[in-house]
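Topology and contacts: notes
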Amino acid sequence: QTCALPISMDRAQRSAMLVWEPELRAPALAVYEQALDRARKQGRLNADSAMAARVRVVAQRVIRASSAFRPDATSWNWEVNLIDSGQLTAWCLPAGKIAVHSGLLTALDLTDDELAAVIAHEIAHALREHASERISELVTSGPGGSAASADRKSTRLNSSHLVISYAVFCLKKK
């Protein structure tokens, strides 16, 4: 749960949480590892060591500040990687698995502060548990609708499939 602050971080969740962030950590890590493995095999993972180091330094500044919004985030096993890609995107999966695509820096020629703003935005999704929120919305809007919300056990059993599907959907959108 994030702390209420004077900068509108205390927005209420849009739906009942049927899938909680801790349940998403393992499947999110699997999705992250698959993305890194694919990039590694293609020689696109942290290919520009100077750019990867820059991204990590900037990300660490933001990560250190995240505890102001969510104290338990300091215990997350944060990981930051650069994927050599022309895509103008970055993303952060539950529990702090971050990827920045090099196109974001090369095409837009971002300053460190601008890069920090992008990374902070992505980290905010993880801090606010937006993946859990969105997956919970998908569960209740799918076949069975509100009946799915009553069956917490089946939701838990399917959370791995939901997070993987959601992450693939999000990554393809970007």
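Residues numbered from 1 in each chain as written. Predicted model: local features only at pLDDT ≥ 70, side-chain atom pairs only at ≥ 80, totals over all residues. Heavy atoms only, no water.

1. A short note on the environment of Arg 64
Counting through the fold element by element, Arg 64 comes out in helix α2 (residues 49-65). Relative accessible area serves as the criterion here: at 58%, Arg 64 is assigned to the exposed category. Sequence separation of Arg 64 and Thr 74 is 10 residues, and the distance between their C-alpha atoms is 7.6 Å. (Helix = DSSP H or I, 4+ residues; strand = E, 2+ residues; numbered from the N terminus. Buried < 20%, exposed > 50% of the residue type's maximum accessible area, 1.4 Å probe, protein only.)

2. A short note on the sheet that holds strand β2 (residues 90-93)
Read from one edge of the open sheet, 3 strands run β1-β3-β2, paired in mixed fashion. The strands lining the two open edges of the sheet, one partner per strand, are β1 (79-83) and β2. Averaged over all pairs of adjacent strands, the angle between their axes in this sheet comes to 15°, without regard to strand direction. Relative to strand β3 (residues 97-101), β2 is paired through 4 bridges, and the arrangement is antiparallel. (Pairing = 2+ DSSP bridges. Axes fitted to C-alpha atoms, helices over the stretch in contact; angles between N-to-C directions.)

3. Brief notes about the confidence of the model for the protein
When pLDDT is averaged along the protein, the result is 75; 60% of the residues meet or exceed 70. Per-element confidence in the protein is highest for β1, whose mean pLDDT is 98, and lowest for helix α6 (residues 146-150), whose mean pLDDT is 43. Counting contacts from residues 1-9, a segment whose pLDDT is below 50, to residues more than four positions away or on other chains yields 18 contacts. Overall, residues 146-162 carries pLDDT values under 50, and its contacts beyond four positions in sequence, including any with other chains, amount to 19 contacts. (pLDDT = per-residue confidence, 0-100. Contact = heavy atoms within 4.5 Å.)

4. Comments concerning the environment of Ile 83
Along the chain, the position of Ile 83 falls in strand β1. Separated by 47 residues in sequence, Ile 83 and Leu 36 place their C-alpha atoms 7.9 Å apart. Ignoring anything within four residues of it in the chain, the contact list for Ile 83 reads Ala 39, Arg 44, Trp 91, Ala 99, Val 100, His 101 and Ser 102.

5. Thoughts on the nonpolar core
Of all hydrophobic cores here, the largest spans 25 residues; its most connected members are Val 100, Ile 119 and Ile 123. Elements represented by at least two residues in this core include exactly α2, β1, β2, β3, α3 (102-108) and α4 (112-127). Counting residues per element, this core draws most heavily on α2, at 7 residues. Excluding residues within four positions of it along the chain, Ile 119 makes contact with Val 55, Val 58, Ala 59, Val 62 and Val 100. In this structure, Ala 28, Val 31, Ala 39 and Ile 83 belong to the second largest nonpolar core, which totals 11 residues. (Core = buried A, V, L, I, M, F, W, Y, C linked by side-chain atoms within 4.5 Å.)

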